[in-house]
Protein chains: 2
Amino acid sequence: MEEPLIPKRSVTVADVARAANVSKATAARVLGGYGVVSDKVREQVLAAAAALEYRPNELARSMTTGKSGIIGVVVGDIENAFFSLAVRGISDVARMAGFNVIIANSGEELDAEKSAVDLLIGKRVDGLIVTPARCDRMEHLQDIHRVGVPLVLFDRSIPELGVDAVTGDDFDAAMMATRYLLDMGHRRIAYISAMDAEGEFLGDSRSISNSAVRERVEGVLKEQADAGIRKARHYVRLGATDQPRTDGVVERLLQDAAPPTALIASDSLVGLRVFKSLQTLGLSIPRDISMISFLDADWTTVTTPPITVIDQPVYEMGKKAAERLISRLNGKGMLVERTAIKTSLIRRGSVASLPLSDQ
Amino acid sequence: MEEPLIPKRSVTVADVARAANVSKATAARVLGGYGVVSDKVREQVLAAAAALEYRPNELARSMTTGKSGIIGVVVGDIENAFFSLAVRGISDVARMAGFNVIIANSGEELDAEKSAVDLLIGKRVDGLIVTPARCDRMEHLQDIHRVGVPLVLFDRSIPELGVDAVTGDDFDAAMMATRYLLDMGHRRIAYISAMDAEGEFLGDSRSISNSAVRERVEGVLKEQADAGIRKARHYVRLGATDQPRTDGVVERLLQDAAPPTALIASDSLVGLRVFKSLQTLGLSIPRDISMISFLDADWTTVTTPPITVIDQPVYEMGKKAAERLISRLNGKGMLVERTAIKTSLIRRGSVASLPLSDQ
DNA sequence: TCTGGACAAGAGACCGGTCTCATATATAAA
DNA sequence: TTTATATATGAGACCGGTCTCTTGTCCAGA
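Each chain carries its own residue numbering, running from 1 in the direction its sequence is written. Think of it this way: whatever chain is written first is A, whatever ligand is written first is 1, and the rest follow in order. Since the coordinates come from a predicted model, pLDDT governs what is reported: local features require at least 70, and pairs of side-chain atoms require 80 or more to be given and counted, while whole-chain, interface and lining totals use all residues.

Naming follows an unreviewed UniProt entry, where chain A appears as LacI family transcriptional regulator of Rhizobium tropici.

### Structural notes on the relation of the copies chain A and chain B
Fitting of the copies onto one another was done by least squares over C-alpha atoms, counting residues only where both copies have pLDDT of at least 70. Its rotation angle being 180°, the transformation that places chain A on chain B also includes 0.1 Å of axial translation and leaves an RMSD of 0.2 Å. With respect to symmetry, the two chain copies, as superposed, fit the operation of a two-fold axis. The contact criterion used here is simple: two residues whose C-beta atoms, placed from the backbone, lie within 7 Å are in contact. A high fraction, 100%, of the interface residues of chain A reappear at the interface in chain B, so the copies pair face to face through one surface.

### With respect to the protein's contact with DNA strand D
With respect to spatial proximity, 28 residues lie near DNA strand D, and among them A:Ala28, A:Gly32, B:Ser23, B:Ala25 and B:Thr26 are the closest. Here a helix means four or more residues in a row that DSSP labels H or I, a strand means two or more in a row labelled E, and each is numbered from the N terminus. Within the residue set of the surface near DNA strand D, elements represented by two or more residues are α2 (24-32) and α4 (58-65) of chain A together with α2 (24-32) and α4 (58-65) of chain B. No other element matches the five residues that α4(A) contributes to the surface near DNA strand D. Of the residues in the surface near DNA strand D, the class split is 14 nonpolar, eleven polar and three charged. By convention here, the C-beta atom is placed from the backbone, and a residue is near a molecule or strand when that atom is within 6 Å of it. Under the convention adopted here, Pro, Cys and the residues Ala, Val, Leu, Ile, Met, Phe, Trp and Tyr are nonpolar, Asp, Glu, Lys and Arg are charged, and Gly plus all remaining residues are polar.

### Side note on the environment of A:Phe99
Residue and element names in this part refer to chain A. Following the sequence through the fold, Phe99 ends up in the loop between α5 (81-96) and β2 (100-105). Residue Phe99 is classed as buried on the basis of its C-beta count, with 22 C-beta atoms lying within 10 Å. C-alpha of Phe99 to C-alpha of Gly69: the two residues are 30 residues apart in sequence and 5.0 Å apart in space. Excluding residues that lie within four positions of it along the chain, Phe99 makes contacts with Gly69, Ile70, Ile71, Ala94 and Ile326. Exposure criterion: with C-beta atoms placed from backbone coordinates, a residue whose C-beta has 20 or more other C-beta atoms within 10 Å is buried, one with 12 or fewer is exposed, and one in between is partly exposed.

### Some thoughts on the packing of helix α1 (residues 13-20) of chain B against helix α3 (residues 39-52) of chain B
All names here are of chain B. Axis geometry follows a simple rule: fit a line to the C-alpha atoms, using only the stretch in contact for helices, then measure angles between N-to-C directions, giving values from 0 to 180 degrees. Contact geometry of α1 with α3 gives a least axis separation of 8 Å together with a crossing angle of 120°. The orientation of α1 relative to α3 falls into the category oblique. You can see that α1 and α3 cross each other, and the crossing is right-handed. Note on element contacts: α3 touches α1 through Gln44, Val45, Ala48, Ala49, Ala51 and Leu52, opposite Asp15, Val16, Ala19 and Ala20. Its residues assigned to classes, the contact of α1 with α3 comprises eight nonpolar, one polar and one charged. When an angle is under 35 degrees it counts as roughly parallel; over 145 it counts as roughly antiparallel; between 65 and 115 it counts as roughly perpendicular; any other value is oblique. For any pair of crossing helices, the crossing counts as left-handed if the nearer helix is rotated counterclockwise from the farther one by less than a right angle, and right-handed if it is rotated clockwise.

### What to know about α5(A)
With 16 residues, α5(A) ought to run about 22 Å at 1.5 Å a step, and its terminal C-alpha atoms sit 23 Å apart, in line with that. Counting buried residues in α5(A) gives 13 out of 16 residues, a clear majority hidden from the surface. Expected helix span is taken as 1.5 Å per residue step, with the number of steps being one fewer than the number of residues.

### Looking at unusual backbone geometry
For the bond running from A:Ile285 to A:Pro286, omega is 0°, close enough to zero to count as cis. Residue placement: A:Pro286 occurs in the loop between α11 (268-280) and β9 (290-294). You will see that A:Asn21, though not glycine, has its phi angle at about 60°, which is positive. Take A:Asn21: there are 12 C-beta atoms within 10 Å of it, and that puts it in the exposed class. For B:Glu108, which is not glycine, the phi torsion reads 60° and is therefore positive. Structurally, B:Glu108 can be placed in the loop between β2 (100-105) and α6 (110-122).

### Section: the interface of chain A and chain B
Tallying the contact residues gives 42 residues for chain A and 42 residues for chain B. Only α4, α5, β2, α6 (110-122) and α11 of chain A provide two or more residues apiece to the side of chain A that touches chain B. Its residues assigned to classes, the side of chain A that touches chain B comprises 19 nonpolar, twelve polar and eleven charged.

### Some details on the sheet that holds strand β9 (residues 290-294) of chain B
Residues and elements named next belong to chain B. On the basis of which strands lie adjacent, the open sheet formed by six strands has the order β7-β6-β8-β9-β10-β12 and mixed pairing. The sheet terminates laterally at β7 (236-237) and β12 (344-346), the two strands that pair on one side only. Strands were regarded as paired on the criterion that DSSP finds at least two bridges between them. As judged from the four bridges shared by strand β6 (residues 189-192) and strand β8 (residues 262-265), these two strands associate in the parallel manner. In the strand pairing of β8, Tyr191 is matched with Ile264. Where helix α8 (residues 170-183) meets the sheet, its contacts fall on β6, β8, β9, β10 (308-311) and β12, and the angle it forms with β12 comes to roughly 40°. Most of the contacts of helix α11 (residues 268-280) go to β9, to which it runs at about 155°, and overall it touches β6, β8 and β9.

### Side note on the protein's contact with DNA strand C
Among the 28 residues in the neighbourhood of DNA strand C, the closest are listed as A:Ser23, A:Ala25, A:Thr26, B:Ala28 and B:Gly32. At the level of elements, α2, α3 (39-52) and α4 of chain A together with α2 and α4 of chain B are the ones that each hand at least two residues to the surface near DNA strand C. By residue number, the principal contributor to the surface near DNA strand C is α4(B), which donates five residues. Broken down by class, the residue content of the surface near DNA strand C amounts to 14 nonpolar, ten polar and four charged.

### Regarding the pairing of strand β3 (residues 127-130) of chain B
Residue and element names in this part refer to chain B. Along β3, one buried face is formed by Gly127 and Ile129 and the opposite face, lined by Leu128 and Val130, is buried too. In terms of strand pairing, strand β1 (residues 70-75) meets β3 through four bridges, oriented parallel. Note that in β3 the partner of Gly72 across the bridge is Leu128. Across three bridges, the pairing between β3 and strand β4 (residues 151-154) is parallel. Paired with Val130 across the two strands is Leu153, which belongs to β4. Once the chain exits β3 it traverses helix α7 (residues 139-147) before rejoining the sheet at β4, and the crossover so formed is right-handed. When the strands point away from the viewer and the connection leading from the first strand across the helix to the second strand turns clockwise, the crossover is called right-handed.

Right, dumping it as structure tokens:
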């Protein structure tokens, strides 16, 4: 409180110019680092700027140049480790390239996403990275494109939109996990997702509006179909959005006339909830039931047993998305590209090998 | 690619005004939502704006008003659950109040923090929330204050700076945890921090530059001193910044002539690493050793046994910090306030009750 | 000595909003 | 009818930078 808060008008180039006895244009040249100035004048101006503690007003700068140096990122929920890691990847690349990142949460709500996009466009971000909440509603994303702001989709893709996308190879990953479970002797495999749908059961998988979820579901189904397994669809359950609902989903699955012998959780949050549900039910993993979770979250290594996971290189995905956007910002007129980043299965101890008799 | 990317100059109030056959000032009035206009003209302008797909340029708006509607947040590492939760709290409050949040990572590096602050000031943020990497270097923070940008410190406080701060009640929390361990019969209690110091051992605790860490260390020491325990200082170890180093710290502690019977981890990341170290060493919790971790991270509930934690309401802390900043932005000339948010101990199964013979 | 080109610095428009002040019209009071 | 007052719109300055265009200097070559 020493210095009473006089909201003193900030120091401008004009102020510096006056103090240095040069024109505004000249002062701007040295302060902005463009054009030519003599060394003598440069020093004068710099000295004056230092004395007055001049700080450039990036806002004004952005307004004339039309570039804000900001990349807008719209994610489902920063609190989710998946997104925070991705954001970290994005930020790291952005910072290296001299860009800043402004993050907005959509909470996976279409409306929130729309207004976040509007707002960021209003702030004149140079480019956008968006995790679309739904892949079937894209007018607002088309707008971005039309306004001329480069856009990269993250985690989910919308082919019809014709823009770059960086995702995981969800279909393959799901197939791989399913293949592994089949190889271990499992024949009734459940897939549990947090996807918020009307019912717990899966209708037409093509109607799932989130492409990542859809691809995973289809991968699980495809692999089982190839193995000649019917009823696979019966074991796909949606709506595990919180602990009570997850408990319900898991309980109902296990009360089935033919309960599944293995569960696949669609992300690390669902995985954690499923694990807790099983714990509550007093079931032992993998003796009573096997499980696999998407994403190599930290909790998966400290449980007993540690959880077998499908590891997505999320940080890399974030980096890739940012790199893609930045090269586009740098005017590289590249072709639209959809990159699916390869995932791998980390085998730990949560999947049992079933003897034939149990199958 | 349907619509070739003509970087068409964006639609301005002047364009709308022309289309609506009114003056720029009038169009600005209805578009900006200030001043008075007749309903008839309002409709004309709105119609024209809709037809042209007018989007206000927030940059230009900010430049004249001097307010950007942005709150800058500088954290140690968004990837850390502690910060991402706090950021969520901040964002939620900010959004409700019509502010946006721009996040910068300092990586707990003083220089990165300085440049982040400079950059945000340059962007003319309306206010700042900063997690200072060091509490003994504060010139750049003084600058913020002098420039007239409201500042709230988060998680760590710097009394000399005379600005608002929202922290946990670290000293009390550490005392409480220590008290609990003492009550359970423990007499050799180790405190492990990720604080990056020259040596692994604690010199003068007052020299710790991070106030949160310092307070916790002092709380642990104070409570033991009150209980007549000497050598407490011997069991304070720093530098558990990654898994190998944590393994080393834990190993050396346990190889001590008089090894500790309980460990306190300074945050959830350190806690996770310590848990893994103990696991690697084949030690059973709490039979062979007890542990408590700061922060109620998700992993702490799914371990066997679940971990006793000191629960900091991080989301609330974030909210509180944002509320504080926003009321200051709204011109409430409030007194400087340092808020320490109360924490609680969640007893789970990682602390053993020691029989007297073992003490 | 004169001309041309390179170079340094100045003048002022511009970006897209906000906002003050002046002007014109409508309504109410005298 | 005249004057006062409120109300709606227009004209243009301003925010703090960037950038184009012009002017003025200096020195080399003819």
